[in-house]
Amino acid sequence: MTTTTPTPSVLAATDPADPGPKTTGRRRFRIGAGEQLRGGPFTYLALAVVGVLSVFPLYWTLVAASHDQQRVLDSPPPFLPGGRLWHNLQAAWEQANLGKALVNTLIVAGCITAATLFFCTLAGYAFAKLRFRGRGVLMTAVIATLTIPPQLSVVPLFMLMSDIGWGGKLPSVIFPTLVSAFGVFFMRQYLIEALPYELIEAAKVDGANNLRIVRSIVLPAARPAMMVLGMLTFVQAWNDFFWPFLSLSQANPTVQVALGQLSASYTPDQSIVMAGALISTLPLIVVFIVFGKQIVGGIMAGAVKG
């Protein structure tokens, strides 16, 4: 009868007191887990270039708005702010009626953003979590509307707004854009991953109806995506020019229509036009400063969910 002596490797594998051979690669992975990656000099250089290129158009707007027409058109142009900023801001404010235009644009963009968030969140929840006949066909039809150029609907939409008495009024700009196909698709894709079926079923077992589920479960879960969608919708509504230019009158403009009127003369003063553009940009900067943290958090949450 022969006996075999176990090798040291077998003893090390079977002995619970022996920690076994150390793996440097695994140790490095444990140490680095959860830590932020550090960029090198090339990363900082690339970020600096991107930052300068992003801020330069706004800076040039400020520089051009602070000089007169002749100085702006000089070669080379000025690269430092001048002393006519306040004068040009006053001229742009009076010539383009920017006070009323800002109020109109704030009403239009605010109503469109609120309605888009409400309806698109409800529709996205229905397409993501509710089971009903024809759900796939309806979702395909919603996505298909994204391929239709908006210029094709201008004539019938203009005739409809005139027939119901909304020609030249703010409702003609607000109501056609209360819901967006992109918003429905965006909220659906987010809620598919962010809202588990088990949470909805548990709420139904507790006796919650659909309204209570939407208010207590869906809206809190969709808040990060709603912040992103709200920012995108507000910026798009604020910068919209084509349809407000066709549907509103010169006496009741939005900001972009007013800026178009400001630059519509035969020889427009570019410094005053830049001053008006600077005024129209400031509210967007304020909105991003106030809600920037929530917007960035929503983008990061969507990236993690994806």
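Residues numbered from 1 in each chain as written. Predicted model: local features only at pLDDT ≥ 70, side-chain atom pairs only at ≥ 80, totals over all residues. Heavy atoms only, no water.

### Comments concerning the overall build of the protein
Alright, step 1. A count of helical and extended segments in the protein gives 15 helices and zero strands.
Alright, step 2. Relative to its 306 residues, the protein shows a buried fraction of 31%.
Alright, step 3. Considering only intrachain contacts with a sequence separation of at least 6, the fraction spanning at least 24 residues in the protein is 72%.
Alright, step 4. Surface summary for the protein: the accessible area is close to 19,700 Å², and the carbon and sulfur share equals 67%. (Helix = DSSP H or I, 4+ residues; strand = E, 2+ residues; numbered from the N terminus. Buried < 20%, exposed > 50% of the residue type's maximum accessible area, 1.4 Å probe, protein only. Contact = heavy atoms within 4.5 Å. Areas by Shrake-Rupley, 256 points an atom, 1.4 Å probe, with all protein chains shown as cover.)

### Description of the pattern of salt bridges
Alright, step 1. The final tally for this structure, using the stated rule, is one salt bridge.
Alright, step 2. Where R71 meets D74, a salt bridge forms, and the shortest distance between an N and an O atom there is 3.6 Å.
Alright, step 3. Among the residues examined, R71 registers a relative accessible area of 33% and is labelled partly exposed.
Alright, step 4. Judged by relative accessible area, which is 28%, D74 ranks as partly exposed. (Salt bridge = Lys/Arg side-chain N within 4 Å of Asp/Glu carboxyl O.)

### Overview of the packing of helix 10 (residues 181-194) against helix 12 (residues 210-239)
Alright, step 1. Orientation of helix 10 relative to helix 12, taken along the N-to-C sense of each, is 145 degrees, at an axis distance of 10 Å. The two elements helix 10 and helix 12 meet at a crossing, and its hand is right-handed. Taken together, the residues of helix 12 that come into contact with helix 10 (itself represented by F182, G183, F186, M187, Y190, L191 and A194) are V218, A221, A222, P224, A225, M226, V228, L229 and L232.
Alright, step 2. Residue composition of the contact of helix 10 with helix 12, by class: 15 nonpolar, one polar and no charged. (Axes fitted to C-alpha atoms, helices over the stretch in contact; angles between N-to-C directions. Left-handed = near helix turned anticlockwise from the far one by under 90°. Nonpolar A, V, L, I, M, F, W, Y, C, P; charged D, E, K, R; others polar.)

### Observations concerning the environment of L58
Alright, step 1. Positionally, L58 belongs in helix 3 (residues 41-65).
Alright, step 2. In this structure L58 comes out as partly exposed when scored by relative accessible area, which is 35%.
Alright, step 3. Residues L58 and L278, spaced 220 residues apart in sequence, show a C-alpha to C-alpha distance of 7.8 Å.
Alright, step 4. With residues up to four places along the chain from it excluded, the contact list for L58 reads L278, T281 and I285.

### Some words on the environment of Q70
Alright, step 1. Relative to the helices and strands, Q70 is located in helix 4 (residues 69-72).
Alright, step 2. Taking the relative accessible area as the measure of exposure, Q70 reaches 56% and is therefore exposed.
Alright, step 3. A C-alpha to C-alpha distance of 9.2 Å links Q70 and D269, two positions 199 residues apart in sequence.

### Details of the side chain of S271
Alright, step 1. Among the secondary structure elements, S271 is positioned in helix 15 (residues 270-305).
Alright, step 2. Among the polar contacts made by the side chain of S271, one reaches the main-chain carbonyl oxygen of H67 at a distance of 3.5 Å.
Alright, step 3. Within the local environment of S271, its side chain forms a polar contact with the side chain of D269, the two groups lying 2.6 Å apart.
Alright, step 4. When neighbours within four sequence positions are excluded, S271 is seen to be in contact with A64, A65, H67, D68, Q69, V72 and N88. (Polar contact = N/O pair within 3.5 Å; in protein donor to acceptor, adjacent residues only side chain to side chain.)

### Section: the nonpolar core
Alright, step 1. Among the nonpolar cores identified, the biggest contains 33 residues, and A92, L98, V108, I174, W238, V255 and L262 are the most heavily contacted of them.
Alright, step 2. Listing elements by their share of this core, those giving two or more residues are helix 5 (85-95), helix 6 (98-129), helix 8 (154-163), helix 9 (171-174), helix 12, helix 14 (255-262) and helix 15.
Alright, step 3. By residue number, the principal contributor to this core is helix 6, which donates seven residues.
Alright, step 4. Ignoring any residue separated from it by four or fewer positions in sequence, one finds V255 in contact with A101, L102, T105, W238 and S280.
Alright, step 5. Judged by nonpolar contacts, the second largest core, of 23 residues, contains Y190, I200, A222 and M226. (Core = buried A, V, L, I, M, F, W, Y, C linked by side-chain atoms within 4.5 Å.)

### Digging into the packing of aromatic side chains
Alright, step 1. In this structure the tally under the stated criterion is six aromatic pairs.
Alright, step 2. With 5.2 Å between their ring centres and 75 degrees between their planes, F118 and F119 make a pair best called edge-to-face.
Alright, step 3. The exposure class assigned to F119 is partly exposed, which follows from its relative accessible area of 38%.
Alright, step 4. Here F241 and F245 contribute two aromatic rings whose centre-to-centre distance is 5.1 Å and whose plane-to-plane angle is 25 degrees, an arrangement assigned as stacked. (Phe/Tyr/Trp six-rings, centres within 6.5 Å; stacked < 30°, edge-to-face > 60°.)

### Details of unusual backbone geometry
Alright, step 1. Cis geometry marks the peptide bond from S75 to P76, where omega comes out at 0 degrees.
Alright, step 2. Considering the arrangement of structural elements, one finds P76 in the loop between helix 4 and helix 5.
Alright, step 3. For N97, which is not glycine, the phi dihedral falls at a positive 55 degrees.
Alright, step 4. Relative to the elements of secondary structure, N97 occurs in the loop between helix 5 and helix 6.

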